[in-house]
Amino acid sequence: MAGAAVLSARACLRSGVGKLTAHVPQALYPILQTAVPEAMVHLDTNEQFFSEPIDCDSYHAVGLGPGLGLNETTAIALIAQIRRVQCPLVIDADAINIFGNHRAWLQQLPKDIIMTPHQKELEQLTGATSTSSYEQLMKASEFAQHFECYIILKGHYSALCLPDGNIYFNTTGNPGMATAGSGDVLTGIITALLARGYSQREASLLGMYLHGLSGDLAVKEIGEESLIASDIINFLPKAFKRLND
C-alpha cells in the first residue's frame with residue numbers, strides 16, 4: 001500500500017522533521033520519488049515487500065507500519081527491526097496487526113514505544129472484545145501499564161494511555177477524519193515530533209492535538225463529507241501557525 005507510506009512521509013515532512021528517509025520495496029521507488037520528492041528513499045532487497053531489518057543508528061526516530069503488509073517474511077523482519085532500533089519508536093497499522101497475529105511477540109516490545117491502534121486493532125492486541133467504550137479504554141490503559149508503553153486509542157476523541165496509568169483525552173478532531181489514511185498521517189506527525197526531540201508523552205499529546213486541529217481547520221473549508229487524509233496534511237502548516245500565534 002504505497003499510498004499509506006506516501007501519506008505518512010508527507011505528514012512527517014510537514015511536521016518539521018527536516019530530513020526523512022523512507023524504506024520501501026524496490027517496486028515503490030518511482031512512486032515515493034514522484035509523490036514525495038523531498039524524501040530520501042532507501043530500498044529493500046525485495047521487489048514487493050519489506051524483507052529484512054536495516055541499520056537505524058543514524059536516525060533520531062523511527063515510524064513503522066503504514067503500508068507494511070502482513071507477509072510472514074515481513075512479520076519476521078519487523079520484530080528483528082524493532083530489536084535493532086535504539087531511538088524513539090512509533091508503530092501503527094500493519095505493524096500493530098502483525099503483533100495482533102503474533103501476540104507472543106508482545107513480550108519483546110521495547111519500553112516507551114508508542115502504539116496507535118483503533119478499536120479493532122486494540123482487540124487484536126489484547127485478544128478480547130469490549131462491550132463498551134469504557135471497557136475498551138480500560139483495556140488500553142492496562143495494556144500501556146503492563147508493557148510500559150504509550151497507547152493512543154484512536155477515535156472521535158482519541159485517548160492517550162500512559163505507562164503510569166494516567167489517561168489524556170484529545171479535544172480536537174471531527175467525524176470527517178474517520179477516513180482511510182488518517183492514521184498514517186498521525187504516525188508521520190508523531191515520528192517527526194520524536195525526531196525533533198519531544199518526549200514520547202509530549203510527542204503523543206502534541207501529535208494528537210495537531211492532527212485533530214488540522215482536520216478541524218480543513219473541515220471549515222471542505223466539509224466533513226469530502227475530507228480526505230491529504231487534506232489533513234495540507235492544513236498542517238495552518239495548525240502549527242495557530243499554535244504559534
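Residues numbered from 1 in each chain as written. Predicted model: local features only at pLDDT ≥ 70, side-chain atom pairs only at ≥ 80, totals over all residues. Heavy atoms only, no water.

Engineer: Account for the overall build of the protein, with residues named and values stated.
Structural biologist: Check the secondary structure of the protein and you find 10 helices and 8 strands. For 245 residues, the compact-globule estimate of 2.2 N^0.38 gives 18 Å, and the C-alpha radius of gyration of the protein, at 17 Å, lies within 12% of that figure. Along the three orthogonal principal directions, the C-alpha set of the protein runs to about 45 × 40 × 30 Å. Looking at the protein as a whole, 52% of its 245 residues qualify as buried. (Helix = DSSP H or I, 4+ residues; strand = E, 2+ residues; numbered from the N terminus. Rg over C-alpha atoms; globule rule 2.2 N^0.38 Å. Buried < 20%, exposed > 50% of the residue type's maximum accessible area, 1.4 Å probe, protein only.)

Engineer: Describe the pairing of strand β2 (residues 40-43), naming the residues involved and giving the relevant values.
Structural biologist: As paired elements, strand β1 (residues 21-24) and β2 share 4 bridges and run parallel to each other. Looking at the pairing, valine 24 lines up with leucine 43 of β2. (Pairing = 2+ DSSP bridges.)

Engineer: Could you give an account of the pairing of β1, naming the residues involved and the relevant values?
Structural biologist: Residues Ala22 and Val24 of β1 are buried on one face, while the alternating residues Thr21 and His23, pointing to the opposite face, are not. In terms of handedness, the path from β1 via helix α2 (residues 29-35) over to β2 forms a crossover that is right-handed. (Right-handed = clockwise from strand over helix to strand, strands pointing away.)

Engineer: Break down the sheet that holds strand β6 (residues 150-153) for me, citing the residues and quoting the values.
Structural biologist: Taken in spatial order, the 6 strands of this open sheet run β3-β4-β5-β6-β7-β8, and their pairing is mixed. Bordering the open sheet on either side are β3 (62-64) and β8 (167-169), each of which pairs with just one other strand. Bridging between β3 and strand β4 (residues 89-91) involves 3 bridges; their strand directions are parallel. Bridging from a neighbouring strand, valine 62 pairs with leucine 89 of β4.

Engineer: Account for the nonpolar core, with residues named and values stated.
Structural biologist: Residues Ile91, Phe99, Met115 and Phe143 are the most contacted members of the largest nonpolar core, which totals 36 residues. Of all elements in the fold, only β3, α3 (72-84), β4, α4 (93-101), α5 (119-126), α6 (133-147), β6 and β7 (159-161) reach the threshold of two or more residues within this core. Every residue in contact with phenylalanine 143, bar those within four places of it in the chain, is listed here: Leu106, Leu109, Met115, Leu125, Thr126, Glu148, Cys149 and Ile151. Listed in part, the 31 residues of the second largest apolar core include Ile114, Tyr150, Val219 and Ile232. (Core = buried A, V, L, I, M, F, W, Y, C linked by side-chain atoms within 4.5 Å. Contact = heavy atoms within 4.5 Å.)

Engineer: So what's going on with the packing of α5 against α6? Residues and values would help.
Structural biologist: Viewed as axis vectors pointing N to C, α5 and α6 meet at an angle of 55°, and their least axial separation amounts to 11 Å. In terms of orientation, α5 and α6 fall into the oblique class. Relative to α6, the crossing made by α5 is left-handed. Here Gln119, Leu122, Leu125 and Thr126 of α5 lie close against α6, whose contacting residues are Gln136, Lys139, Ala140 and Phe143. In terms of residue class, the contact of α5 with α6 is built from 4 nonpolar, 3 polar and 1 charged. (Axes fitted to C-alpha atoms, helices over the stretch in contact; angles between N-to-C directions. Parallel < 35°, antiparallel > 145°, perpendicular 65-115°, else oblique. Left-handed = near helix turned anticlockwise from the far one by under 90°. Nonpolar A, V, L, I, M, F, W, Y, C, P; charged D, E, K, R; others polar.)

Spatial relationships are all this shows, so hold off on functional conclusions.
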